[in-house]
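The lines below spell out each chain.
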Amino acid sequence: MNTQMDTMEKLRILSDAAKYDAACTSSDVNRAGVKGQLGSAAACGICHSFASDGRCISLLKVLMTNICAYDCTYCLNRRSNDTPRATFRPQELADLTVSFYRRNYIEGLFLSSAVFGSPDITCERMLETLHILRNEYHFNGYIHVKAIPGADETLLQQLGLLADRMSVNIELPSNDSLKRLAPQKSKENILLPMSRIRDGIKENAHDLIRYKNAPRFVPGGQSTQMIIGATPENDRRILQLSEGLYHKYSLKRVFYSAYIPVVQDRNLPALDTAPPLLREHRLYQADWLLRFYGFTADELLSEKTPDLDPMLDPKCSWAVRHPEEFPVEVNRAPYEKLLRVPGIGVVSAKRIIRARRQAKLDHEGLKKLGVVLKRASYFITCNGKMQCRLRTDEPAVLAGILRDRGLPQGGIQPEIPEQLSLFNPTKEDAVKCLTGQL
Amino acid sequence: MSDRTIVMYYYDGTYNGFLSCVFESFAEKETPAAILPVDEADQTCLFGAKYIETDLRRAERVRVSIPKKMGMEAQDLLERAFFTCMPEKELRMLEFMRLGYKVGRGVCGRLTEPAVDKITKAVQFLEREAHLYLGFLRFAEYGDVLIAQIEPKNSVLPVIAPHFINRFSGEDFMIFDRTHKLALLYKDGATEFLQAEHIELPPESPEEEKFRAMWRTFYDTVGIEGRRNDLCRRTHMPKRYWNRMTEMRDKV
């Protein structure tokens, strides 16, 4: 077997092992290219392709190795699983990254790894790959690297100076679930590197004020991911956790990954369980409301209704329960109020603010601004006029009208994956980028 | 302004040519029923049409008036609108300018005005398509040169050029727009735009097919079968892009 064939086989095994990681974004870093060197980074992120599951492909997402010392129940790479194993040489992976990058296949590298030997040994190999890319090839593209919990602090620091984004996967939404399914990991073990990265970024911000050319530590911030549906936590618990992570750990993104049964275990859902894609989708919608629309987790869900409504998107669901907030007069309402109207997004809210300075807005005009009247018309007035004649203070009536069409009624877990296409976060990212307004 | 005479303009298809048409329209106090680039004008309907000579001095007078009267944003919008595939873009741009001279700097904010709405939407389409090409464009190596071919609806090449020049400043590369027969050449740090009917590809580098195969392998592996969603994929990556993409060609 020649070496090229070898790289091909490794690529197949190690991308297959990495594909369950949701994050593939290349956003939040703006770095112009350097004359004569390879690469740049665009703050909006760039999707280079879309996989058969509709997810954006932006980075070459691979593991350094899938040989693992751990035995986490939910994980395909656990030690006791019989699966083909492979390991990239740092040089080999750096070469592959650059070859793909030159052909504009990718925006950069997403490097994760199973724990090979010890966390430190694993980290050193990853560090070597990044070192070759950044310091030998002067590669200025995007690099997202996974922090390996339990690795030495100085190694983490060095990785952070070469990478654009770092992430530590929180894996499961509670400590109990962790104990049950990933006994070698613990909440402390995961939150420690997370807080170190946060502190590193904070410290770096001070350095950057003092020295313009101070090396930048994780300029793209950190993200995390948790698996949804493998354990019994409700949506409220999950959203509260996310909210905490955004506030306390200044995370840029929390990713949710619908659990896909890959291994049979008595602690896990059966192998023929469908991944809860609709639930994942609703969580992403709610997550968006937390980050860009000024909602809090407690506003969206309460102890009485601890789960998101599968039939209604979370914003509609909130609006229906709060008739006292509506209708909103589009010609006068402040930005924050507009944002809370179903059918008005960040982009159209900004357009409304802008356009109403020049002229009074009517329903026809709103359509031109991109407002979805199908939803918004029940919640707004234009110059005091309301378009619909329905009882908008009757939650049940409204909920019935606004319900997502095409979803089966009353099903316990309605699975219409096509629904995802409308609001997939990658699309939102693209919109965000094009308008440059966020 | 009198609209009584039915008159048509045709011009050389350049931005300066268009600005000369705008000058003519104002100087003669007439609103043309059509403004057509000469290569698109149907010879039979050129009866009574005026050919507007590109006059750089007139064009310049119009050009400087735009930011002065209606702001930088309007200038930017108009320059981009010229790259779009909007039907009758010249007339739409003229309408926009008429409004701009009348109402001044607020013109871009009048998003519900038809003249502004049309041009804004067209530019949004251009920018969306340009953004998609930042990702979907694929280079292949021929000798030491990277070559990519695109088939956009809008003339995106001038919009995406700065991105690729910045990112691949150490490489020699060419991007050929097959729709608009326009090539971007970047060699030894110098940029050039050329009109070309077609391009002749030099022989491929021997390694090329290997990297293509590896990229296809990666692509086919990374999708999760349990989450397969063709509609979602097509929404984000419409099929018209597929035949120029290494990993999608065999799936068209």
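Please read all numbers here as calculations on a predicted model, not as lab measurements.

(A) Main features of the nonpolar core. Counting 185 residues, the largest nonpolar core has A:Leu14, A:Leu130, A:Leu159, B:Tyr133, B:Phe173 and B:Ile175 as its most contacted members. Ignoring anything within four residues of it in the chain, the contact list for B:Ile175 reads B:Leu137, B:Ala148, B:Ile150, B:Leu157, B:Phe164 and B:Leu184.

(B) Highlighting the packing of helix 1 (residues 15-27) of chain B against helix 2 (residues 56-70) of chain B. All names here are of chain B. Interhelical geometry of helix 1 versus helix 2 gives an angle of 80 degrees and a closest axis separation of 8 Å. Here helix 1 lies roughly perpendicular to helix 2, going by the angle between them. The segment helix 1 lies against helix 2, with Asn 16, Leu 19, Ser 20, Val 22 and Phe 23 engaging Leu 56, Arg 58, Ala 59, Arg 61, Val 62 and Arg 63. A breakdown of the residues in the contact of helix 1 with helix 2 according to their chemical character gives six nonpolar, two polar and three charged.

(C) Seen up close, the confidence of the model for chain A. All names here are of chain A. For chain A, mean pLDDT is 87; residues scoring 70 or higher make up 90% of the total. In this model, residues 1-5 is a region of pLDDT below 50 whose contacts with residues beyond four sequence positions or in other chains number two contacts. Segment residues 408-438: pLDDT under 50, and 59 contacts once partners within four positions in sequence are set aside and those in other chains are kept.

(D) Structural context of the sheet that holds strand 3 (residues 49-51) of chain B. Residue and element names in this part refer to chain B. An order of 2-1-3 is seen for the three strands of this open sheet, with the pairing classed as parallel. Among the strands making up the open sheet, the edge pair consists of strand 2 (34-37) and strand 3. The sheet shows a mean angle of 25 degrees between the axes of neighbouring strands, taken without regard to direction. Pairing analysis gives four bridges linking strand 1 (residues 8-11) to strand 2, with the strands arranged parallel. Paired with Tyr 10 across the bridge in strand 2 is Leu 36. Sheet strands touched by helix 1: strand 1 and strand 2. Its angle to strand 1, the strand with the most contacts, is close to 150 degrees.

(E) Quick peek at the interface of chain B and chain A. At the interface, 46 residues of chain B touch 55 residues of chain A. Breaking the side of chain B that touches chain A down by element, the ones donating at least two residues are helix 5 (114-136), helix 6 (157-167), helix 7 (208-222) and helix 8 (230-236) of chain B. Among the elements that take part in the side of chain B that touches chain A, helix 7 of chain B stands out by supplying ten residues, more than any other. Classifying every residue of the side of chain B that touches chain A by side-chain character gives 19 nonpolar, 15 polar and twelve charged.

(F) Examining helix 12 (residues 346-358) of chain A more closely. Residue and element names in this part refer to chain A. Buried within helix 12 we find Ser 348, Ala 349, Arg 351, Ile 352 and Ala 355. For helix 12, the angular spread of the buried residues around the axis is 160 degrees, confining them to a single face. Among the structural elements, helix 11 (335-339) and helix 13 (363-368) are those in contact with the buried residues of helix 12.

(G) Structural detail: the domain arrangement of chain B. Residue and element names in this part refer to chain B. Segmenting chain B into domains produces domain 1 (8-127), domain 2 (137-205) and domain 3 (207-252). With centres defined by C-alpha atoms, the gap from domain 2 to domain 3 works out at 22 Å. Taken residue by residue, the interface counts eight residues in domain 2 and five residues in domain 3. The set of elements that each furnish at least two residues to the side of domain 2 that touches domain 3 consists of strand 4 (140-142) and strand 5 (145-150). Considering only residue class, the side of domain 2 that touches domain 3 consists of two nonpolar, two polar and four charged.

(H) Broad picture of the packing of helix 2 of chain B against helix 3 (residues 72-81) of chain B. All names here are of chain B. Where helix 2 contacts helix 3, the axes come no closer than 6 Å and their chain directions differ by 135 degrees. With respect to each other, helix 2 and helix 3 are oriented oblique. Contacts between helix 2 and helix 3 involve Ile 66, Pro 67 and Met 70 from the former and Met 72, Ala 74, Gln 75 and Leu 78 from the latter. When grouped by side-chain class, the residues that make up the contact of helix 2 with helix 3 number six nonpolar, one polar and no charged.

(I) Inspection of unusual backbone geometry at higher detail. All names here are of chain A. With an omega of -5 degrees, the peptide bond between Phe 326 and Pro 327 qualifies as cis. Counting through the fold element by element, Pro 327 comes out in the loop between helix 10 (314-321) and strand 9 (328-329). Residue Asn 104 is not a glycine yet carries a positive backbone phi of 60 degrees. Relative to the helices and strands, Asn 104 resides in the loop between helix 2 (90-102) and strand 4 (108-112).

Parameters and conventions
Residues numbered from 1 in each chain as written. Chains lettered and ligands numbered in written order. Predicted model: local features only at pLDDT ≥ 70, side-chain atom pairs only at ≥ 80, totals over all residues. Core = buried A, V, L, I, M, F, W, Y, C linked by C-beta atoms within 7 Å. Buried ≥ 20, exposed ≤ 12 C-beta atoms within 10 Å, placed from the backbone. Contact = placed C-beta atoms within 7 Å. Axes fitted to C-alpha atoms, helices over the stretch in contact; angles between N-to-C directions. Helix = DSSP H or I, 4+ residues; strand = E, 2+ residues; numbered from the N terminus. Parallel < 35°, antiparallel > 145°, perpendicular 65-115°, else oblique. Nonpolar A, V, L, I, M, F, W, Y, C, P; charged D, E, K, R; others polar. pLDDT = per-residue confidence, 0-100. Pairing = 2+ DSSP bridges. Arc of directions from axis to C-beta. Domains from an automatic or database assignment.

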